[in-house]
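An overview of the molecular structure
One-letter residues, chain by chain:
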Amino acid sequence: MDNFFKLIIFLWILFFIFLIYNIFDVLKFKKYLQKLKKTPCNCKKELEKTDIYNKLPQELKEILEFKIKRFLNEKIFIPKYMQINNEIKILIAFYACLPTIAYKNFCYPGLKYIYIYPHTIIKKHIEQNGIVRKEMLISGESIGESVVIAWDEAKREIFHYKKRNVIIHEFAHELDFENGMVDGIPVFAYKNYDKFKEILNKSYEKAQKEHIIDEYAFTNKAEFFAVTTEYFFLKPKTLKIHYPLLYSEYKKIFKIDPEIL
Ligand SMILES: [Zn+2]
């Protein structure tokens, strides 16, 4: 047997080992999801405190509960200067998973940690992942593998203010960061990247002149995407009336009709 033949056989063996390893990995993952499906959520009591969950049809409630279980199982919650309970973790998981409701097996692959602070945080540096920030009080931050949430602000928005939502906002950034770029184009729009980008850019320019939505949206396109994602889920009529093309694109990528919420 000459050397070339030996090399071919060696490469085939390597290929089969790789194949078997991958098959084993896929089966292990499927088994994990099946086991998780059978595990009770124990989260209904907390979820029923939110308006959005109560308005969801039963089928979507079940999908969300499954996604929440997985999120709670896979992400590490790190409380800073406070103690956290199950309610805090469940509510953060709920709003994090809501924009991904149509993607049953999506669970923020790049995200590992969720830091929770009791109050708003003073942020001193200017640039973070391309997002310009001055010295300011922030209620959240998204940095790829970590998300930071100030619980007092998140709680106020969930139960009282109900027009903005820092959790949806920060996790919209996470969807944007999935390809390593910070440009306001979320992972769900990659198949239709150019069209989505064109509509986002046009809506951004229009919104800058009209000032109908929150000023913070005009920091840059990444912030525009994050703020308008909040509007899509919390104030869909405003987005639909003033930015119908953007609303229609969001409806396509999030695959949900927010008017049922
Ligand atoms: Zn932001």
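Let us look at the structure shown here.

Each value, and the rule that gives it
Residues numbered from 1 in each chain as written. Predicted model: local features only at pLDDT ≥ 70, side-chain atom pairs only at ≥ 80, totals over all residues. Pairing = 2+ DSSP bridges. Helix = DSSP H or I, 4+ residues; strand = E, 2+ residues; numbered from the N terminus. Right-handed = clockwise from strand over helix to strand, strands pointing away. Axes fitted to C-alpha atoms, helices over the stretch in contact; angles between N-to-C directions. Left-handed = near helix turned anticlockwise from the far one by under 90°. Contact = placed C-beta atoms within 7 Å. Nonpolar A, V, L, I, M, F, W, Y, C, P; charged D, E, K, R; others polar.

1. Focus on the pairing of strand β1 (residues 76–79)
- Summarising the sheet, β1 and strand β2 (residues 113–117) pair through 4 bridges and their orientation is parallel. Within β2, the residue paired with F77 across the bridge is I114.
- Where the polypeptide runs from β1 across helix α5 (residues 86–97) and back to β2, its parallel neighbour, the crossover connection is left-handed.

2. Let's talk about the packing of helix α4 (residues 58–74) against α5
- Contact pair α4 / α5: the axes reach a minimum separation of 9 Å and the direction vectors enclose 120°. The element α4 and its partner α5 pack so that their crossing is right-handed. Contacts between α4 and α5 involve L64, K67, I68, F71 and L72 from the first element and K89, I90, A93, F94, A96 and C97 from the second.
- Grouping the constituent residues of the contact of α4 with α5 by class yields 9 nonpolar, no polar and 2 charged.

3. So, the sheet that holds strand β8 (residues 146–150)
- Strand order in this open sheet of 4 strands is β1-β2-β8-β7, and the pairing throughout is mixed. The outermost strands of the open sheet, each flanked by one partner alone, are β1 and β7 (140–142). On average, adjacent strands in this sheet sit at an angle of 15° to one another, irrespective of strand direction.
- Both β7 and β8 contribute to a ladder of 3 bridges, which runs antiparallel. Within β8, the residue paired with E141 across the bridge is V148.
- Here helix α7 (residues 166–177) sits on the sheet in contact with β7 and β8, set at roughly 10° to β7.

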